[in-house]
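# Understanding the architecture of this molecule
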Number of protein chains: 2
Amino acid sequence: MNKKQLQSEQTRKRIADAARHLFVQKGYKATSIEDITDATGSSKGNIYYHFKSKEGLFLYLLDEWDRDWIAKWQEKEHLYTSITEKMYGFAEQMVREDLNHPLTKAADEFFVGGDKTCEVEDRLAEMVESHLAFNRGLIQQGIDSGEFKPGAAEGLAVVLEALVIGLSQVSRRISLEQALDTYRLAIEVFLYGIAGRPET
Amino acid sequence: MNKKQLQSEQTRKRIADAARHLFVQKGYKATSIEDITDATGSSKGNIYYHFKSKEGLFLYLLDEWDRDWIAKWQEKEHLYTSITEKMYGFAEQMVREDLNHPLTKAADEFFVGGDKTCEVEDRLAEMVESHLAFNRGLIQQGIDSGEFKPGAAEGLAVVLEALVIGLSQVSRRISLEQALDTYRLAIEVFLYGIAGRPET
DNA sequence: TAATATACTGAACGAAAGTTCAGGATTCAA
DNA sequence: TTGAATCCTGAACTTTCGTTCAGTATATTA
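Residues numbered from 1 in each chain as written. Chains lettered and ligands numbered in written order. Predicted model: local features only at pLDDT ≥ 70, side-chain atom pairs only at ≥ 80, totals over all residues. Heavy atoms only, no water.

## Describing the nonpolar core
Counting residues in each nonpolar core, the largest one holds 106 residues, and the members touching the most others are Met87, Phe90 and Phe190 of chain A together with Met87, Phe90 and Phe190 of chain B. What Phe90 of chain A contacts, discounting residues up to four positions off in sequence, is Trp69, Trp73, Phe134, Asn135, Leu138, Leu160 and Val164 of chain A. (Core = buried A, V, L, I, M, F, W, Y, C linked by side-chain atoms within 4.5 Å. Buried < 20%, exposed > 50% of the residue type's maximum accessible area, 1.4 Å probe, protein only. Contact = heavy atoms within 4.5 Å.)

Structure, rendered in structure tokens:
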């Protein structure tokens with residue numbers, strides 16, 4: 001690889017990292033291009049050389065995060081011997097990865113804000129659906145294996161998604177250790193809730 | 001009351017109602033003063049005649065909501081004969097009131113955004129604490145009455161808060177009926193989760 | 001009815017933020 | 001070495017948005 005290409009890739013990464021950090025910390029609208037230049041040392045123009053726009057930069061981060069998350073999950077998934085264990089693994093990966101998730105806080109601004117591009121809108125709808133599908137799959141696996149009581153997998157997937165979204169918001173201002181505890185407790189409650197719930 | 005005072009109060013209410021609706025729907029930053037004038041028909045200046053600033057308007061809505069919520073809760077609280085029932089009542093009031101809650105979506109922008117006034121910061125910290133205290137109280141009541149297993153009331157209060165926050169976000173794009181179902185299912189899971197959880 | 005207070009208007013201001021662009025610096029290829 | 005491609009700069013432009021203010025209309029009061 002060229003020296004030029006290498007340097008280009010490095011600054012691209014530097015910008016992406018700084019942007020992700022800022023989006024996570026401050027949200028999408030609240031972080032300005034100038035915030036990113038301040039954090040990276042490079043100029044405004046340089047950001048627009050590497051990325052189409054602010055929105056494009058955010059979209060890039062979303063894709064990047066998505067790929068990483070799936071990859072990390074697939075690495076570990078087969079190690080778990082029960083679905084219950086898998087759920088705790090899911091929670092652990094959530095707290096370790098999603099607390100730095102650019103979507104977590106920033107996506108909500110997009111969802112509701114009126115000035116979103118079609119591209120972003122589609123991308124986000126896609127991500128929500130894939131989250132719900134993931135949850136649904138997990139719960140269904142537990143039902144099939146006999147660990148969870150059958151029924152209402154669809155509704156429970158939504159409840160689990162709500163729990164995860166809420167946890168990531170609540171956890172934003174506490175330590176990683178506390179966050180892990182809270183997540184574990186939440187999953188514990190969720191699992192016992194599923195188990196104890198009367199069949200429908 | 002004067003005709004003038006009456007009219008003044010009416011427009012004040014009209015502005016507040018429109019603003020609340022918009023803040024809920026679009027978030028704080030995303031709704032402009034012009035959005036509000038468009039929705040009310042009155043002018044920009046008129047908003048600043050009735051309210052100190054955009055932030056002041058938001059703060060006014062927070063206070064108003066807080067008072068209403070507590071009042072409505074206290075009206076119903078004594079009607080419930082068990083804490084379990086109370087929890088479902090809590091969920092129902094949540095979905096009926098909080099889905100229109102100006103804080104739900106807008107507060108998060110304040111929490112993290114760097115440009116918040118001390119006044120707002122204090123007000124929000126206060127509200128979070130009172131929420132947690134409310135949850136803690138509810139859970140403790142259940143423990144004291146023997147309905148819930150003892151232990152970890154503090155942690156469970158946080159989990160419940162997370163659940164509620166997540167639910168209100170997830171529910172923003174579905175019908176009231178579906179939201180009610182989801183909330184009920186969530187509370188059911190939470191209650192069975194508490195009940196089935198091993199004592200700590 | 002005249003004077004005052006209250007309710008309201010809308011153009012204009014200024015700050016903030018996303019985006020562009022002409023041009024400079026550095027590296028690559030011939 | 002020289003021309004071209006690539007990487008980068010930062011000032012300037014544009015738009016958006018909160019806020020202000022001089023002025024108008026309506027109601028109250030004396």
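From this point, the narrative continues.
## Considerations on the protein's contact with DNA strand C
In the vicinity of DNA strand C, 20 residues are found, and the nearest of them are Lys4, Tyr48 and Lys54 of chain A together with Lys4 and Tyr49 of chain B. For DNA strand C, the backbone portion of the atoms within 4 Å of the protein, that is sugar and phosphate, comes to 65%. Residue Tyr48 of chain A places a side-chain N or O atom 2.3 Å away from a phosphate oxygen belonging to DNA strand C. Side-chain polar atom of Ser8 of chain B to a phosphate oxygen of DNA strand C: 3.2 Å apart, as the coordinates give it. Elements with a minimum of two residues in the surface near DNA strand C: helix 1 (3-26) and helix 3 (44-50) of chain A together with helix 1 (3-26) and helix 3 (44-50) of chain B. Tallied by class, the residues present in the surface near DNA strand C amount to three nonpolar, 12 polar and five charged. (Near = heavy atom within 4 Å. Polar contact = N/O pair within 3.5 Å; in protein donor to acceptor, adjacent residues only side chain to side chain. Helix = DSSP H or I, 4+ residues; strand = E, 2+ residues; numbered from the N terminus. Nonpolar A, V, L, I, M, F, W, Y, C, P; charged D, E, K, R; others polar.)

## Some thoughts on the protein's contact with DNA strand D
The full set close to DNA strand D counts 20 residues, and Lys4 and Tyr49 of chain A together with Ile33, Tyr48 and Lys54 of chain B are the nearest of them. Within the contact set of DNA strand D, a phosphate oxygen lies 2.7 Å away from a backbone nitrogen or oxygen of Ile33 of chain B. Here Lys54 of chain B contributes a side-chain N or O atom positioned 2.5 Å from a phosphate oxygen of DNA strand D. Breaking the surface near DNA strand D down by element, the ones donating at least two residues are helix 1 and helix 3 of chain A together with helix 1 and helix 3 of chain B. Looking at the surface near DNA strand D, the element that brings in the most residues is helix 3 of chain A, giving four residues. Looking at the surface near DNA strand D, its residues break down into three nonpolar, 12 polar and five charged.

## Considering the packing of helix 1 of chain A against helix 4 (residues 54-77) of chain A
Residues and elements named next belong to chain A. Relative to each other, helix 1 and helix 4 sit at 90°, their axes nearing to 10 Å. Relative to helix 4, the element helix 1 is oriented roughly perpendicular. Along its contact with helix 1, which presents Arg12, Ile15, Ala16, Ala19, Arg20 and Phe23, the element helix 4 presents Lys54, Leu57, Phe58, Tyr60, Leu61 and Glu64. Here the contact of helix 1 with helix 4 is composed, by residue class, of eight nonpolar, no polar and four charged. (Axes fitted to C-alpha atoms, helices over the stretch in contact; angles between N-to-C directions. Parallel < 35°, antiparallel > 145°, perpendicular 65-115°, else oblique.)

## Let's talk about the packing of aromatic side chains
Residue and element names in this part refer to chain A. All chains considered together, the criterion is met by 24 aromatic pairs over all chains. Geometrically, the ring pair formed by Trp69 and Phe90 is edge-to-face, given 6.3 Å between the ring centres and 75° between the ring planes. A residue pair is termed long-range when its members are at least 10 positions apart, and Trp69 in helix 4 and Phe90 in helix 5 (residues 83-97) qualify at 21 residues. By relative accessible area, Trp69 is classed as buried at 7%. Pairwise contacts between aromatic rings join Trp65, Trp69, Trp73, Tyr80, Phe90 and Phe134 into one cluster. (Phe/Tyr/Trp six-rings, centres within 6.5 Å; stacked < 30°, edge-to-face > 60°.)

## Notes on the UniProt feature "DNA-binding region" (unreviewed entry) in chain A
In the numbering used here, UniProt assigns the feature "DNA-binding region" (unreviewed entry) to residues 32-51 of chain A. Structurally, residues 32-51 of chain A comprises 75% helix and 0% strand, and the distance from its first C-alpha atom to its last is 14 Å. (UniProt positions renumbered as here; feature names shortened; annotations may be inferred.)

## Considering the UniProt feature "domain: HTH tetR-type" (unreviewed entry) in chain A
UniProt feature "domain: HTH tetR-type" (unreviewed entry): in the numbering of this structure it lies at residues 9-69 of chain A. Each end of residues 9-69 of chain A is marked by a C-alpha atom, and these two atoms are 22 Å apart; helix forms 80% of the span and strand 0%.

## Let's talk about helix 1 of chain B
Residue and element names in this part refer to chain B. Relative to the 34 Å expected for 24 residues at 1.5 Å per residue, helix 1 spans 34 Å between its end C-alpha atoms, a close match to the ideal helical length. Within the sequence span of helix 1, burial applies to Thr11, Ile15, Ala16, Ala18, Ala19, Leu22, Phe23, Val24 and Lys26. Backbone geometry just after helix 1 places Gly27 at a positive phi near 90°. (Expected span 1.5 Å × (residues − 1).)

## Some thoughts on the side chain of His50 of chain B
As for its placement among the helices and strands, His50 of chain B is situated in helix 3. Ignoring any residue separated from it by four or fewer positions in sequence, one finds His50 of chain B in contact with Ser8, Thr11, Arg12 and Ile15 of chain B.

## Observations concerning helix 5 (residues 83-97) of chain B
Here helix 5 of chain B contains 15 residues, and its C-alpha end-to-end distance of 20 Å stays within 8% of the 21 Å for a straight helix at 1.5 Å per residue. When helix 5 of chain B is considered as a whole, its buried residues turn out to be Ile83, Lys86, Met87, Gly89, Phe90, Ala91, Gln93, Met94 and Val95 of chain B.

## Structural notes on the side chain of Thr40 of chain B
For Thr40 of chain B, the position within the fold is in helix 2 (residues 33-40). Those residues in contact with Thr40 of chain B that sit more than four places away from it in its chain are Arg14, Ile15 and Ala18 of chain B.

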